[in-house]
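# Residue-level structure breakdown
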Amino acid sequence: MENPSLTAPPAVREGISTSGLVRNWPQNCWWVAAHGSEITDRPVLRWVLETPVALYRKTNGDPVALHNRCPHRWAPLSMGEVAGDDLVCPYHGSQFAPDGRCVKVPTQNSAPSSLQVRSYPAIERYGFIWVWTGSVDLADPELIPTDLAFLSDPKWHTVWGYKPVNGNYMQIKENVLDLTHFAFLHKKSLGITGWDRPPAVEVTEARVTFRQLFHMAPLPPVYAIPAGKPPGKPINRDNWGTLVSPAVNYGAVDMHDPNPGPNGLERFSMRIVHLTTPVSISRTHYFWAFARDHGEPYDYEAMRAGADVVFGEDIAMVEATQAMAQCSIDQEHAVEVSVTADRAAIEGRRKVAALVAAEQALLKQKAS
Amino acid sequence: MENPSLTAPPAVREGISTSGLVRNWPQNCWWVAAHGSEITDRPVLRWVLETPVALYRKTNGDPVALHNRCPHRWAPLSMGEVAGDDLVCPYHGSQFAPDGRCVKVPTQNSAPSSLQVRSYPAIERYGFIWVWTGSVDLADPELIPTDLAFLSDPKWHTVWGYKPVNGNYMQIKENVLDLTHFAFLHKKSLGITGWDRPPAVEVTEARVTFRQLFHMAPLPPVYAIPAGKPPGKPINRDNWGTLVSPAVNYGAVDMHDPNPGPNGLERFSMRIVHLTTPVSISRTHYFWAFARDHGEPYDYEAMRAGADVVFGEDIAMVEATQAMAQCSIDQEHAVEVSVTADRAAIEGRRKVAALVAAEQALLKQKAS
Amino acid sequence: MENPSLTAPPAVREGISTSGLVRNWPQNCWWVAAHGSEITDRPVLRWVLETPVALYRKTNGDPVALHNRCPHRWAPLSMGEVAGDDLVCPYHGSQFAPDGRCVKVPTQNSAPSSLQVRSYPAIERYGFIWVWTGSVDLADPELIPTDLAFLSDPKWHTVWGYKPVNGNYMQIKENVLDLTHFAFLHKKSLGITGWDRPPAVEVTEARVTFRQLFHMAPLPPVYAIPAGKPPGKPINRDNWGTLVSPAVNYGAVDMHDPNPGPNGLERFSMRIVHLTTPVSISRTHYFWAFARDHGEPYDYEAMRAGADVVFGEDIAMVEATQAMAQCSIDQEHAVEVSVTADRAAIEGRRKVAALVAAEQALLKQKAS
């Protein structure tokens with residue numbers, strides 16, 4: 001039975017209309033829904049691809065992801081309590097097992113089999129909780145990108161953070177595929193002014209990678225200080241980044257000092273991971289992680305604070321850009337002009353669009 | 001003459017779109033617009049069924065309800081002043097009589113007869129102001145439910161309150177027709193855990209009533225304390241509730257202690273009234289009253305505060321439920337699965353839907 | 001290339017839907033975008049006719065108005081920096097000349113010619129910055145109304161102010177064409193109660209003017225005090241106002257005291273200018289200026305504060321009126337009934353509507 005008084009466009013609560021917009025993400029993908037430290041035996045609600053998901057842990061610690069809407073009277077299960085491995089609805093006490101079956105209705109002897117919520121595959125890996133809202137038969141855990149293994153490697157020292165963004169997730173992915181914005185958007189925070197040429201771009205079947213080699217270039221202070229080197233010292237810097245999946249990008253700075261001196265570092269690196277999960281067309285969960293293989297003492301709070309400033313600048317720009325696109329009288333005719341340095345971002349956009357199109361084709365094929 | 005610059009969907013101000021939704025209330029019904037103590041010779045604005053109503057009192061104390069939009073330049077009459085029995089527009093001073101006729105335009109000798117606002121039948125009864133926005137010829141004062149007479153009976157001690165709800169009014173009505181949620185939603189506030197069977201349901205032409213008899217059941221503390229009895233004492237409890245009209249539900253707890261002791265109460269009761277008036281599809285005025293026929297001293301503030309906590313839990317759930325329904329990508333296909341305990345709520349939903357359908361049929365018949 | 005993830009209705013950011021509404025302003029008009037003191041070498045964003053405009057000054061002090069959306073990746077140029085006479089995009093550093101041409105892309109040798117923003121004619125006159133978003137070939141500086149020359153005349157002592165209004169600009173223009181609201185809306189702030197007849201109205205091809213002559217009428221305190229005369233003294237008052245263009249209205253009070261006494265003023269005047277620029281259908285920039293040719297000492301702060309109170313009353317009414325129009329269930333059928341005193345406002349509405357219609361006809365002719 002459908003409750004006719006309760007259907008309204010999702011745009012309403014999002015504070016943003018999606019009329020005329022096309023969802024530009026695939027469902028068949030592992031998306032990060034949370035950092036592992038956020039998920040306990042007290043359920044939390046996380047919106048993922050316009051889907052409300054209740055996340056909690058079983059007694060053995062495994063994460064569970066259930067659709068958050070109780071099919072009885074649509075109460076949010078995330079307001080309920082965990083009982084053993086099950087989740088109990090906060091309204092009338094219907095109890096759901098991790099596979100989504102209702103195992104108890106308090107006022108009757110057995111639960112109707114139709115009283116069932118969708119359960120989503122959920123895996124904890126590299127510190128994050130990954131969920132799959134697409135076809136369950138395609139949810140292969142091996143599809144979680146292995147690139148991020150360094151996040152669990154004790155050689156690397158890592159911080160993570162989260163920011164909600166009022167922007168489409170592809171804007172963030174494109175932003176991190178074109179670092180020529182460093183000299184302008186991050187002029188004060190990063191102080192890296194030498195990025196004045198388009199990077200090389202490599203496109204494979206699986207991914208899009210850009211790479212910029214800075215030969216004996218002055219070491220920016222932001223990289224020099226953790227490495228214990230004088231700012232401005234000429235060293236070789238290999239700065240690259242890659243789109244791994246619709247859910248994952250990461251960037252790398254691999255540095256080589258040919259004249260390290262007696263106790264100096266010869267090779268040292270950084271990694272920065274961008275885990276972007278659509279909430280809706282116009283909102284995104286932005287989880288990030290920042291790792292260094294050098295530079296004791298590891299002042300994690302300072303690392304986190306520094307990253308926060310830079311991401312804050314990125315997000316302010318993404319949000320302002322989206323506003324410019326959405327509010328103008330001529331928005332329908334707004335053109336976008338690309339330059340040479342946009343190549344990686346454009347290839348990334350194409351790759352994700354192709355995945356979305358393939359998934360749509362698969363769905364149509366199934367339906368027919 | 002119509003001002004083309006000023007027409008926009010009602011959804012805008014409500015903060016909620018109504019596109020695709022169906023209004024699920026009848027116009028031909030007495031709806032509560034205010035508590036009597038709110039209405040004085042200073043007009044107030046109250047939205048009722050998507051209609052802005054200016055409410056004030058005549059010199060003889062009778063309430064007046066006028067459409068709040070001055071037909072001259074659409075100023076809100078509720079920002080104006082009462083002059084005798086009339087209401088004066090705050091913008092250019094047009095003066096309206098209680099029947100809605102304009103009796104004065106300050107800059108000319110006589111008012112155009114077209115300068116007229118709609119006047120709604122308004123009656124003060126049982127402490128509340130009831131208005132009728134439907135066909136005036138059907139506005140029979142006898143249709144105000146007489147069930148609520150106890151609110152004016154000195155035998156009963158009553159408090160009232162008000163809460164705005166971001167939810168459809170039928171969600172509130174259904175909530176109070178199924179009290180099996182007590183054990184979960186009000187676990188802490190009410191501490192009534194024994195409600196684990198579906199109640200009996202009686203459907204008549206006029207109303208839907210549920211009834212649960214608790215035979216020699218432990219008296220919950222929330223009922224025991226005002227009655228001066230030890231919590232947990234076994235007594236008989238008759239807990240019932242009824243849908244009286246689209247605007248009115250009330251619930252009752254009639255208690256019988258077969259072993260009252262020398263000065264103890266043998267029979268004692270409570271009533272709780274739910275007066276729910278749609279503001280729009282997704283917002284509701286929730287007036288409530290709570291009455292006891294026992295339990296001096298009557299600490300009205302404490303009675304009010306206790307009810308506030310419980311209603312707060314109900315409303316949080318109604319609002320969360322509506323959000324679950326409105327935001328999800330699959331909302332159009334969301335199903336609702338009912339269980340045995342839902343019978344009264346479902347019958348209530350049907351009864352109101354039938355009234356709405358009958359009214360629509362009547363309107364169509366008039367139009368043809 | 002169009003970015004499909006970034007198109008959404010303008011209503012979204014405005015917080016107001018424009019579905020079903022008609023834009024009721026002409027593009028071919030000089031509209032005030034700012035007061036001159038607001039514009040420096042640090043760019044500011046101002047929305048004008050649903051268009052985001054970045055405003056800054058060249059080294060010679062001339063104002064520049066560029067469309068605020070960088071055509072590269074839609075960053076707001078107003079977040080960038082001025083370099084000489086050019087504006088540098090805050091995201092990737094594209095540099096735009098005052099005529100809108102991109103003169104530099106940092107990562108390549110030359111800029112694509114398609115990388116260009118629209119530049120709007122902008123002129124500083126009478127203290128304000130006027131912009132033209134219509135056809136550039138029609139942007140004749142002589143079309144800026146010369147009526148406002150007194151704003152630059154040292155004989156007059158002037159203050160200015162600004163208020164954002166959640167209302168259509170025509171509501172403000174109509175409000176200042178019918179001052180019979182003084183006795184009601186400004187009863188306390190102005191204390192002018194004698195305005196109880198419709199004014200005379202003169203309509204010419206260019207403008208609409210109302211005029212009310214008060215023969216030997218008691219001087220309201222608000223006019224008496226700056227003139228050093230006793231409140232209530234009978235003098236002649238000529239109170240008139242005029243719609244000069246869709247962007248400009250102003251009002252005048254010319255006073256004549258036939259019995260001024262030895263050092264008293266015989267003739268003294270006030271002017272009040274209303275510069276209303278649509279942000280969108282439902283929002284308006286309201287710049288105002290208030291000038292006196294008499295009444296030392298000129299306590300400009302007090303003049304500004306007094307005007308603020310009165311404008312605050314006007315705006316509260318315009319905003320409440322718009323809300324009344326937009327929220328009611330019967331809004332589509334809401335009628336507007338006019339009275340004799342509305343004649344100037346109605347003529348003003350017609351004149352602007354005719355300009356809009358003529359412009360639309362011109363656009364259609366060009367298109368065919």
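Note that the coordinates shown come from a computational prediction; the quantities given were computed from them, not determined experimentally.

### Focus: the overall build of chain A
Within chain A one finds six helices and 18 strands. Relative to the 2.2 N^0.38 estimate, which gives 21 Å for 368 residues, the radius of gyration of chain A is 23 Å and therefore close to what a compact globule would have. Across its three principal axes, chain A shows a C-alpha extent of roughly 75 × 50 × 35 Å. Looking at chain A as a whole, 48% of its 368 residues qualify as buried. Within chain A, contacts between residues at least 6 apart in sequence are counted, and of these 57% link residues at least 24 apart.

### Considerations on unusual backbone geometry
Between E296 of chain A and P297 of chain A the backbone carries a cis peptide bond, its omega angle lying at -5°. In this structure, P297 of chain A sits in the loop between β18 (283–292) and α5 (300–327). A positive phi angle, near 50°, is found at L49 of chain B, a position not held by glycine. Tracing the backbone shows L49 of chain B in the loop between β2 (44–48) and β3 (51–57).

### Quick notes on helix α6 (residues 343–367) of chain B
Residues and elements named next belong to chain B. Here α6 spans 36 Å end to end across 25 residues, near enough to the 36 Å set by a 1.5 Å rise per residue. Where α6 is concerned, the buried positions are A344, A345, G348, R349, K351 and V352. Looking at the packing, one finds that the buried side of α6 touches α2 (169–175), β13 (200–203), β14 (208–218) and β15 (234–245).

### Here we look at the sheet that holds strand β10 (residues 122–125) of chain B
Residue and element names in this part refer to chain B. The three strands lie next to each other as β1-β11-β10, forming an open sheet whose pairing is antiparallel. Bordering the open sheet on either side are β1 (31–35) and β10, each of which pairs with just one other strand. Within this sheet the neighbouring strands show an average axis-to-axis angle of 30°, counted without direction. Pairing analysis gives four bridges linking β1 to strand β11 (residues 128–131), with the strands arranged antiparallel. In the strand pairing of β11, W31 is matched with V131.

### Some thoughts on the environment of V136 of chain A
Its location among the elements puts V136 of chain A in the loop between β11 (128–131) and β12 (157–165). Separated by 85 residues in sequence, V136 of chain A and T51 of chain A place their C-alpha atoms 15 Å apart.

### A closer look at the domain arrangement of chain A
Many authors give the size of an interface as the accessible area that is lost as the parts come together. Residues and elements named next belong to chain A. According to the domain assignment, chain A contains domain 1 (27–141) and domain 2 (148–359). Spacing between the C-alpha centres of domain 1 and domain 2 amounts to 33 Å. On the side of domain 2, 16 residues touch domain 1, which itself brings 15 residues to the contact. Those elements that place two or more of their residues in the side of domain 1 that touches domain 2 are β1 (31–35) and β2 (44–48). Ranked by residue count, the leading element in the side of domain 1 that touches domain 2 is β1, at four residues. Within the side of domain 1 that touches domain 2, the residues separate by chemical class into 10 nonpolar, four polar and one charged.

### Points about the pairing of strand β15 (residues 234–245) of chain A
All names here are of chain A. Across nine bridges, the pairing between strand β14 (residues 208–218) and β15 is antiparallel. Its bridge partner lying in β15, T209 is registered against T242. As consecutive antiparallel partners, β15 and strand β16 (residues 248–256) are separated by two residues.

### What about the sheet that holds β3 of chain B?
Strands sit in the order β2-β3-β4-β9 (chain B) across an open sheet of four strands; the sheet is antiparallel. With one partner strand each, in any of the chains shown, β2 and β9 (119–120) of chain B form the two edges of the open sheet.

### Re the nonpolar core
V131 of chain A, V131 of chain B together with V131 of chain C are the most contacted members of the largest nonpolar core, which has 269 residues in total. If near-sequence neighbours (up to four positions away) are discounted, V131 of chain A is found in contact with W31, A33, V48, V53, A65, Y120, P121 and A122 of chain A.

### A few points about the confidence of the model for chain A
Low pLDDT marks stretches whose predicted atomic positions should not be read closely. Residue and element names in this part refer to chain A. For chain A, per-residue confidence averages 91 on the pLDDT scale, and residues scoring 70 or more make up 93% of the total. Considering only residues more than four positions removed or in separate chains, one finds that residues 1–20, a stretch of pLDDT under 50, has 58 contacts. Per the prediction output, this complex has pTM 0.91; the corresponding ipTM is 0.90.

### Re the environment of M270 of chain B
Its place among the elements puts M270 of chain B in strand β17 (residues 267–280). With residues up to four places along the chain from it excluded, the contact list for M270 of chain B reads A252, V253, A291 and R292 of chain B.

### Considering helix α6 (residues 343–367) of chain C
Taken as a whole, α6 of chain C has its buried residues at A344, A345, G348, R349 and V352 of chain C. For α6 of chain C, the elements touching its buried residues are α2 (169–175), β13 (200–203), β14 (208–218) and β15 (234–245) of chain C.

### Some remarks on the pairing of strand β4 (residues 63–67) of chain A
Residues and elements named next belong to chain A. Where burial is concerned, most of β4 is hidden: five out of the five residues are buried. Note that strand β3 (residues 51–57) and β4 share five bridges and pair antiparallel. From the neighbouring strand, V53 faces β4, where its bridge partner is H67. Counting the residues that bridge the hairpin from β3 to β4 gives five residues, and of these G61 lies at a positive phi of roughly 95°. Bridge count between β4 and strand β9 (residues 119–120): two bridges; the pairing is antiparallel. Bridging from a neighbouring strand, A65 pairs with Y120 of β9.

### Thoughts on the environment of I39 of chain C
Here I39 of chain C shows up in the loop between β1 (31–35) and β2 (44–48). For I39 of chain C, the residues in contact, after removing those within four places along its chain, are A34, V44, L55, Y56, R57, P63 and I129 of chain C.

Cut-offs and rules
- Residues numbered from 1 in each chain as written.
- Chains lettered and ligands numbered in written order.
- Predicted model: local features only at pLDDT ≥ 70, side-chain atom pairs only at ≥ 80, totals over all residues.
- Helix = DSSP H or I, 4+ residues; strand = E, 2+ residues; numbered from the N terminus.
- Rg over C-alpha atoms; globule rule 2.2 N^0.38 Å.
- Buried ≥ 20, exposed ≤ 12 C-beta atoms within 10 Å, placed from the backbone.
- Contact = placed C-beta atoms within 7 Å.
- Expected span 1.5 Å × (residues − 1).
- Pairing = 2+ DSSP bridges.
- Axes fitted to C-alpha atoms, helices over the stretch in contact; angles between N-to-C directions.
- Domains from an automatic or database assignment.
- Nonpolar A, V, L, I, M, F, W, Y, C, P; charged D, E, K, R; others polar.
- Core = buried A, V, L, I, M, F, W, Y, C linked by C-beta atoms within 7 Å.
- pLDDT = per-residue confidence, 0-100.

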